[in-house]
Structure formats: structure tokens, C-alpha cells
Amino acid sequence: MRVIFLGPPGAGKGTQAAKLAAHLGVPRISTGDMLREAIANGTPLGRQVEPLMERGKLVPDDVLIALVGERVREDDCAHGFILDGFPRTVAQAESLASMGLGEVSAWSVFQIEVPREELLRRLSGRRWCPRCQATYHVTSRPPRQEGVCDLDGTSLIQREDDKETVVARRLSDYDQQTAPLVTYYRERANVRRVDGNRSMDAVLEDLKTAVEVPA
Ligand code: ADP
Ligand code: ADP
């Protein structure tokens, strides 16, 4: 089972990818989480990408392609995986197609659609645990104790790139560089449009049903 989530920042890709991965028993590959972890660990990759990410800029394709190319070859990906945040450019999609992972026509490709005002509401209220990367929302998915991660008690923070000025740039990069992927995949796969402007559970139910139906 191989799954790709397309959709703008704030659409709920990470939230749904985590739940669907648990349901299917396959790993979720979140490139954003992998890069943030590299930054937290101060690795050479982390030092390279930090100035780009905090300004909301996309990280160069070759960096992402190498990162994902390695990750999908790990043993836990043998029976499938869910990609969250990759590909984000046509060049990344083309590289993914040449990684020897089979025809994308057999994959599940989801396009999560959410109106722009709701994206802004979600991104401005998103809170994040810098230790375990769990994601919350101040009103839609509040932690049990305000400002504290349910899972490990760490203080939650707002991501630098979720601040208002940076969000504008990310959404415009999405329109220019990532939205064209919808056309790319429509020509090659069965892209399923999902109304993401509903409760997290309602969206998840649709995804669970859709993955059971062959592409
Ligand atoms: P993405 O990975 O697409 O950027 P996230 O999954 O991180 O999106 O969700 C963005 C924010 O919106 C998070 O704070 C999350 O808790 C919240 N969120 C996700 N799905 C929903 C939903 N269906 N309704 C309301 N809020 C949501
Ligand atoms: P969101 O959940 O809001 O869509 P992510 O956590 O997926 O954001 O990504 C955060 C940042 O990480 C991006 O703004 C970008 O700087 C970098 N990044 C993640 N995935 C990619 C990718 N596939 N290509 C380029 N940059 C990426």
C-alpha cells in the first residue's frame, strides 16, 4: 500500500497521514518531520536547511530526493508507506517515479481540499511538540493541559514557519510549485479528491474507505 497526500500547508496531511499509517500498519514518511529532526540534532543537513525552512522556502529538490530515496529503501517500507509532504515539485515527482517503486497508477493519491481562510485558521493555531513532533491546534485539537504535549509533557511551541508573514509565502509557493502536481498525477493515477473541511474523524473515514478500493 503506497499513498501520496497532496494538499496545501494546513490541509491536514500530517494529521491524516499519521492516523491512516496507524490504521494500515505502514510507516508515515513526513519530510517536514525528518528535516525538523535534522535541525534539532544539529546535523550537516539540519544546518543546511534551517535558514530555508524558517523563512518558509522549499528545500532544494536534490536534498529531498536523496532523503526520501534512502528512506523508502528501509525494511519497514517493504509493504508500503505514506508520503506526507513529498513530492512537492514536479521534479520530485519525476524522481519518485524512477525509484523502482512500481507504477504510480497502483498507488492511492489523495488531494485534500480546504478553503484558504480555514488553512489560515489552522496554521495560526497549530502548535507542535519539539520533542516528539506531535501536532495540536489551540481550538480544534487542544492538548489536555494548555500548552503541554499529552505524550511527553514538553512545552508546545508555534513553528517559526507558521507565523503569519511566512505562511503567506508558503501558500504562494504551494500555488506555484506544488499545485501543478495535481495535474501531473491526474494524468498518471486515480487522484481522489477529499473534502478536508470537515472533522478529522469524518475525513479519516473517507480515507480508510478509499484505500480499500483498488486505484
Ligand atoms: P498539514 O500537514 O497539511 O500542514 P496538519 O495535519 O499539521 O496539516 O494540520 C494543520 C493544523 O490543523 C493542525 O493544528 C491540526 O491539528 C489542525 N487540523 C487538522 N485537521 C483538521 C480538521 N479536520 N479540522 C480542524 N483542524 C484540523
Ligand atoms: P506543512 O505540514 O505545513 O505542509 P511540512 O512540515 O511538510 O509543512 O514542511 C515544512 C517545510 O519543510 C517546508 O516549508 C519546506 O521548507 C520543507 N520541506 C518539507 N518537505 C519538502 C519537500 N518535499 N520539498 C521541499 N521542501 C520541503
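Within each chain, residues carry numbers counting from 1 in the order of the written sequence. Here every chain gets a letter starting at A, and every ligand a number starting at 1, in the order they are written. Per-residue local features of the predicted model are confined to residues with pLDDT of at least 70, and side-chain atom pairs are confined, for both listing and counting, to 80 or more; whole-chain, interface and lining totals are unaffected and use all residues. With hydrogens and water set aside, each side-chain value is computed from the structure's full complement of heavy atoms.

Draft legend 1. Looking closely at empty space enclosed by the protein. The way it works is a 1 Å grid over only the protein atoms, where trapped points that fit a 1.4 Å probe form a cavity and open points with protein on both sides within 12 Å along at least five of seven lines form a pocket, and then any residue with an atom within 4 Å of a point lines it. Grid points are joined across faces, edges and corners, and a volume is the space filled by probe spheres set on the points. Counted according to the given criterion, the structure contains 1 cavity of 30 Å³ or more. In this structure, the largest cavity spans a volume of roughly 60 Å³. Lining the largest cavity we find Phe5, Leu6, Gly7, Pro8, Pro9, Lys13, Gly85, Pro87, Arg88, Tyr174 and Thr178. Its residues assigned to classes, the lining of the largest cavity comprises 6 nonpolar, 3 polar and 2 charged. Residue type decides the class: Asp, Glu, Lys and Arg count as charged, Ala, Val, Leu, Ile, Met, Phe, Trp, Tyr, Cys and Pro as nonpolar, and the leftover types, Gly among them, as polar.

Draft legend 2. Region of the structure containing the site of ligand 2. Distances are taken per atom, and a residue is near a molecule or strand as soon as one of its heavy atoms is within 4 Å of it. Of all residues adjacent to ligand 2, which total 19 residues, the nearest are Thr31, Lys57, Gly85, Arg126 and Arg170. The term polar contact refers here to a pair of N or O atoms within 3.5 Å; inside protein, the definition further demands a hydrogen-donor-capable atom paired with an acceptor-capable atom, and it admits residues adjacent in sequence only when both atoms are side-chain atoms. Within the side chain of Arg88, a nitrogen or oxygen atom sits 3.0 Å from a nitrogen atom of ligand 2. With the chains in place, 96% of the 560 Å² that ligand 2 exposes on its own is no longer accessible. Looking at side-chain class alone, the shell around ligand 2 contains 7 nonpolar, 4 polar and 8 charged residues. A 1.4 Å probe and the Shrake-Rupley method give the accessible areas. Residues count as covered only by the protein chains that appear here.

Draft legend 3. Highlighting the packing of helix H4 (residues 61-71) against helix H5 (residues 90-97). Packing of H4 against H5 brings their axes to within 10 Å, and their N-to-C directions diverge by 30°. Comparing their axes, H5 and H4 come out roughly parallel. Regarding H4 and H5, the two cross each other, and that crossing is right-handed. Only Ala91, Gln92 and Ser95 of H5 make contact with H4, whose side of the interface consists of Asp61, Leu64 and Ile65. Residue composition of the contact of H4 with H5, by class: 3 nonpolar, 2 polar and 1 charged. Interaxial angle, 0 to 180 degrees, is taken between N-to-C directions of lines fitted to C-alpha atoms, where a helix line uses only the stretch in contact. Numbered from the N terminus, helices here are DSSP runs of H or I no shorter than four residues, and strands are runs of E no shorter than two. When describing relative orientation, an angle under 35 degrees is termed roughly parallel and one over 145 degrees roughly antiparallel, while 65 to 115 degrees is termed roughly perpendicular and anything else oblique. The handedness criterion is simple: a crossing whose near helix is rotated anticlockwise from the far helix by less than a right angle is left-handed, and one whose near helix is rotated clockwise is right-handed. Contacts between residues were defined by any pair of non-hydrogen atoms, one from each residue, lying within 4.5 Å.

Draft legend 4. Geometry of the sheet that holds strand E4 (residues 108-113). By the convention used here, strands pair only if DSSP detects at least 2 bridges between them. Reading across the sheet, the 5 strands line up as E2-E3-E1-E4-E7 and stay open at both edges, with parallel pairing between neighbours. Every interior strand has two partners, whereas the edge strands, strand E2 (28-30) and strand E7 (191-195), have only one. Neighbouring strand axes in the sheet, compared pairwise and without regard to direction, differ in orientation by 25° on average. Judged from the 4 bridges that link them, strand E1 (residues 2-6) and E4 form a sheet pairing that is parallel. Bridge pairing in E4 links Ile4 to Val109.

Draft legend 5. Focus on the packing of aromatic side chains. Whether two aromatic rings pair depends on their centres lying within 6.5 Å, for rings of Phe, Tyr and Trp, where Trp uses its six-membered ring; planes under 30 degrees apart make the pair stacked, over 60 edge-to-face, and the rest tilted. One pass over the full model with this rule turns up 3 aromatic pairs. With centroids separated by 5.8 Å and ring planes inclined at 85°, the aromatic side chains of Phe81 and Trp107 adopt a geometry described as edge-to-face. Placement of the pair is Phe81 in strand E3 (residues 81-84) and Trp107 in the loop between H5 and E4, with a sequence separation of 26 residues. Working definition: with a 1.4 Å probe on protein chains only, accessible area under 20% of the residue-type maximum means buried, over 50% means exposed, and in between means partly exposed. The buried category is assigned to Phe81, whose relative accessible area is 0%. Each ring, one from Tyr184 and one from Tyr185, has its centre 4.9 Å from the other, and the planes form 85°; the classification is edge-to-face. Tyr185 sits in the buried class, given a relative accessible area of 1%. Residue placement shows Arg188 over the ring face of Tyr184; its charged tip is 3.8 Å from the ring centre. The rule for a charge over a ring is simple: NZ of Lys or CZ of Arg within 6 Å of the ring centre, and within 35 degrees of the ring normal.

Treat this as a map of the structure, not an account of what it does.
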